[in-house]
Amino acid sequence: MKNIKYVIAALAILSTASCSQKKFHVEGQITNAKDSVLYFENISLTGPVVLDSVRLGDAGDFSFSGEQPEAPEFYRLRISDQIISLSIDSTETVTIKGAYPQMATNYEVTGSDNCAKIKELALKQMGLQQRAIAVSRNQALTVDQVNDSILSMINQYKQEVKKQYIFAEPGKAYSYFALFQTLGNMLLFNPRTNRDDIKVFAAVATSWDTFWPEAERGRNLHNIAIEGMKNVRIADAANAQTIDPSKIQEAGIIDIGLRDNKGQMRHLTDLKGKVVLLDFHVFATETSPARILQLRELYNKYSAQGFEVYQVSLDGDEHFWKQQTAALPWISVRADGNQSFLTIYNVQAVPEYFLIDRGNNIVGRSQTIKDLNQAIKNLL
């Protein structure tokens, strides 16, 4: 009987340890804030939600915890209008040490590279805002000069953030955070009206599709990018008066439209209803013949069931590419110097592929698919 009791006690301890391993922790000190209430809030898609709070003592110690999120999630520490933004994507422990009343800028963060990068971005954003305010108050400048100056600062800021953060690591939580930075009430990246900003949202959306395909934030990013594409196309149609807005397609992927080896324009979204392997390839490599042989086997096996290959060549020599693809049975297009697709789909090296279901939704890429043959078979 004693042995049974020991077993039950051991199981209880293991169960408690298992539960504790599924939690994240945010802890630290905010000094000079005695009797202030520190709020721990989740930044949901619909707005801030208070999860917990504590009235700080002399030392300013605090400790909050929560269930490990299934995908990167965003939180903040707040006293009045002083905010520290955070992201959590595992069972990490993030330590914050700051001082009130400038805790939004005067704090240290350890335990999370994402949170450290978010701090960098937040400080950069504050710097941009301060410079914009200074320009707007400069009475020596005309209204047009003020607007032009601020617009130039915004464009410079966006280029820096795109290069150093978003396009460098589109799958990181801090890249998602950067998408929604503002100047006043204005989004710095506005995919609803700006063609280039759509590509930025699309790059991050593609990473979320790959690594967290069920995440609500990923679906929201995709919807924003698709809405922006539709708005831009409608505006283009209104200007050109040649395109019927009702004909504009929406899909769960960012479209690629390129000419194939016969000169015909081929759109990735036109393949809705098929299971598609989007393959980025360079024929002028030693590994190309083996890769093409593998694709032929898959195509011969599954094409009659609704499987298609949309292969994007990155070869510089058009004549060479046409020779290499003349006998291939699938769709062969060439980027022809257009690198935007590589950025949008976060292609770091070739060969690279994405698997797309019949509904035009990305379900995985090379890094996440263990058995490509089985993955295709499951979707057909």
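Just so you know, these numbers come straight off a predicted model, no measurement behind them.

1. Here we look at the overall build of the protein chain
At step 1: Looking only at helices and strands, one finds 10 helices and 17 strands in the protein chain.
At step 2: Classification of the 380 residues of the protein chain by burial places 44% in the buried group.
At step 3: Taking as baseline every contact in the protein chain between residues at least 6 positions apart, the subset at least 24 positions apart corresponds to 60%.
At step 4: Surface summary for the protein chain: the accessible area is close to 19,800 Å², and the carbon and sulfur share equals 49%.

2. Section: empty space enclosed by the protein
At step 1: With the rule as written, the count across this model stands at 2 cavities of 30 Å³ or more.
At step 2: Taken as a whole, the second largest cavity encloses approximately 30 Å³ of empty space.
At step 3: Taken together, His-281, Val-282, Thr-285, Thr-287, Ser-288, Val-350 and Pro-351 make up the full set of residues lining the second largest cavity.
At step 4: Residue composition of the lining of the second largest cavity, grouped by class: 3 nonpolar, 4 polar and no charged.

3. Considering the confidence of the model for the protein chain
Fine structural detail should not be taken from predicted coordinates in areas where pLDDT scores are low.
At step 1: Overall, the prediction assigns the protein chain a mean pLDDT of 86, with 88% of residues at 70 or greater.
At step 2: Within the model, pLDDT remains below 50 along residues 5-11, and this stretch shows 0 contacts once partners closer than five positions in the same chain are excluded.
At step 3: Under a pLDDT of 50 for its full length, residues 13-20 has, in the predicted model, 0 contacts with residues more than four places off or in other chains.

4. Section: the layout of surface pockets
At step 1: In this model, the largest pocket occupies a volume close to 970 Å³.
At step 2: Around the largest pocket sit 36 residues that line it, and Ile-43, Ser-85, Gln-125, Phe-177 and Phe-180 are the ones nearest its centre.
At step 3: Breaking the lining of the largest pocket down by element, the ones donating at least two residues are β2 (37-44), β3 (47-55), β5 (73-79), β6 (82-88), α2 (113-136), α4 (173-179) and α6 (216-240).
At step 4: In the lining of the largest pocket, the residues fall into 20 nonpolar, 12 polar and 4 charged.

5. Describing the packing of aromatic side chains
At step 1: With the rule as written, the count across this model stands at 14 aromatic pairs.
At step 2: With a centroid separation of 5.5 Å and 85 degrees between ring planes, the pair formed by Phe-180 and Phe-201 is classed as edge-to-face. With a gap of 21 residues between them, Phe-180 in the loop between α4 and β9 (182-183) and Phe-201 in helix α5 (residues 195-211) connect regions that are remote in the sequence.
At step 3: Ring-pair connections join several aromatic residues into one group, and the members of that group are Phe-74, Tyr-176, Phe-180, Phe-201, Trp-208, Phe-211 and Trp-212.
At step 4: Against the face of Tyr-107 rests Lys-119, its NZ or CZ located 4.9 Å from the ring centre.

6. What to know about the side chain of Glu-92
At step 1: Residue position: Glu-92 is located in the loop between β6 and β7 (93-99).
At step 2: For the buried Glu-92, no salt bridge is present, and the opposite-charge side chain at shortest range is Lys-172, 9.8 Å distant.
At step 3: Within the structure, Glu-92 has its side chain in polar contact with the backbone nitrogen of Asp-89 (distance 2.9 Å).
At step 4: For Glu-92, the contacting residues outside a window of four places in its chain are Phe-24, His-25, Ser-87, Gly-111 and Ser-112.

7. Section: the nonpolar core
At step 1: Counting residues in each nonpolar core, the largest one holds 59 residues, and the members touching the most others are Ile-256, Leu-268, Leu-278, Phe-280, Tyr-310 and Tyr-345.
At step 2: Element by element, the count of residues in this core is highest for helix α3 (residues 143-166), at 8 residues.
At step 3: When sequence neighbours within four positions are dropped, the list of residues in contact with Leu-278 reads Ile-256, Leu-268, Tyr-310, Val-312, Tyr-345, Glu-352, Tyr-353, Phe-354 and Ile-356.
At step 4: If you look at the next biggest cluster of nonpolar residues, it comprises 22 residues, including Phe-64, Ile-84, Ile-96 and Met-103.

8. Side note on α2
At step 1: Between its first and last C-alpha, α2 extends 35 Å over 24 residues, near the 34 Å set by a 1.5 Å rise per residue.
At step 2: Regarding α2, the residues found buried are Asn-114, Cys-115, Ile-118, Lys-119, Leu-121, Ala-122, Gln-125, Gly-127, Leu-128, Ala-132 and Val-135.
At step 3: Capping the start of α2, Ser-112 holds a side-chain oxygen 3.4 Å from the backbone nitrogen of Asn-114, two or three residues further along.

9. Comments concerning the sheet that holds strand β1 (residues 23-31)
At step 1: On the basis of which strands lie adjacent, the open sheet formed by 4 strands has the order β4-β1-β7-β8 and mixed pairing. Strands at the two margins of the open sheet, each flanked by one partner only, are β4 (61-67) and β8 (107-110). Averaged over all adjacent pairs, the angle separating strand axes in this sheet is 15 degrees, with direction ignored.
At step 2: Bridge count between β1 and β4: 7 bridges; the pairing is antiparallel. Each residue of the ladder has a partner; that of Gly-28, found in β4, is Phe-62.
At step 3: Sheet contacts for α2: β7 and β8; angle to β8, the most-contacted strand, approximately 150 degrees.

10. As for the packing of helix α7 (residues 288-302) against helix α10 (residues 372-379)
At step 1: Contact geometry of α7 with α10 gives a least axis separation of 11 Å together with a crossing angle of 25 degrees. Classified by the interaxial angle, the pair formed by α7 and α10 is roughly parallel. α7 and α10 meet at a crossing whose hand is right-handed. Facing Leu-298, Lys-301 and Tyr-302 of α7, the residues of α10 in contact are Leu-372, Asn-373, Ile-376 and Lys-377.

Calculation notes
Positions within a chain are numbered from 1, following the residues in the order the chain's sequence is written. In keeping with the model being predicted, local features are shown solely for residues with a pLDDT of at least 70 and side-chain atom pairs are shown and tallied solely at 80 or more, while totals for entire chains, interfaces and linings include all residues. Heavy atoms from the whole structure form the basis of all side-chain values; hydrogens and water molecules are not counted. Secondary structure counts use DSSP, requiring at least four H or I residues in a row for a helix and at least two E residues in a row for a strand, with both numbered from the N terminus. Three exposure classes are used, based on accessible area relative to the maximum for each residue type with a 1.4 Å probe and protein chains only: buried under 20%, partly exposed in between, and exposed over 50%. Between two residues, a contact is recorded if the distance between any of their heavy atoms is within 4.5 Å. Where accessible areas are quoted, they stem from the Shrake-Rupley method and a 1.4 Å probe; at the residue level, only the protein chains shown are allowed to cover. For cavity detection a 1 Å grid was placed over the protein atoms alone, and a set of points counts as a cavity when a 1.4 Å probe fits there but cannot get out; an open set counts as a pocket when protein lies on both sides within 12 Å along at least five of seven lines, with lining residues being those that have an atom within 4 Å of a point. Grid points are joined across faces, edges and corners, and a volume is the space filled by probe spheres set on the points. In this classification, the charged set is Asp, Glu, Lys and Arg, the nonpolar set is Ala, Val, Leu, Ile, Met, Phe, Trp, Tyr, Cys and Pro, and all remaining amino acids, among them Gly, are polar. Residue-level confidence of the predictor, termed pLDDT, takes values from 0 up to 100. The criterion for an aromatic pair is that two Phe, Tyr or Trp rings (for Trp, the six-membered ring) have centres within 6.5 Å, with stacked assigned to planes under 30 degrees apart, edge-to-face to planes over 60 apart and tilted to the rest. For a Lys NZ or an Arg CZ to count as sitting over a ring, it must be within 6 Å of the ring centre and within 35 degrees of the ring normal. His is not counted, nor are the chain ends; Lys and Arg add positive charge and Asp and Glu add negative charge. Should a side-chain nitrogen of Lys or Arg be within 4 Å of a carboxyl oxygen of Asp or Glu, the pair is scored as a salt bridge. Polar contacts here mean pairs of N or O atoms no more than 3.5 Å apart (in protein, one a potential hydrogen donor and the other a potential acceptor; neighbouring residues in sequence count only if both atoms are side-chain atoms). Take the buried residues of types Ala, Val, Leu, Ile, Met, Phe, Trp, Tyr and Cys, join any two whose side-chain atoms come within 4.5 Å, and each joined set is a nonpolar core. A helix is expected to reach a length of 1.5 Å times the quantity of its residues less one. At least two bridges found by DSSP between two strands is the condition for calling them paired. Axes, fitted as lines to C-alpha atoms, cover a helix only where it is in contact. Angles between the N-to-C directions of the axes lie from 0 to 180 degrees. Should an angle lie under 35 degrees it is considered roughly parallel, over 145 roughly antiparallel, and from 65 to 115 roughly perpendicular; all remaining angles are considered oblique. The sense of a crossing depends on the near helix, which, turned anticlockwise from the far helix by less than a right angle, makes the crossing left-handed and, turned clockwise, makes it right-handed.

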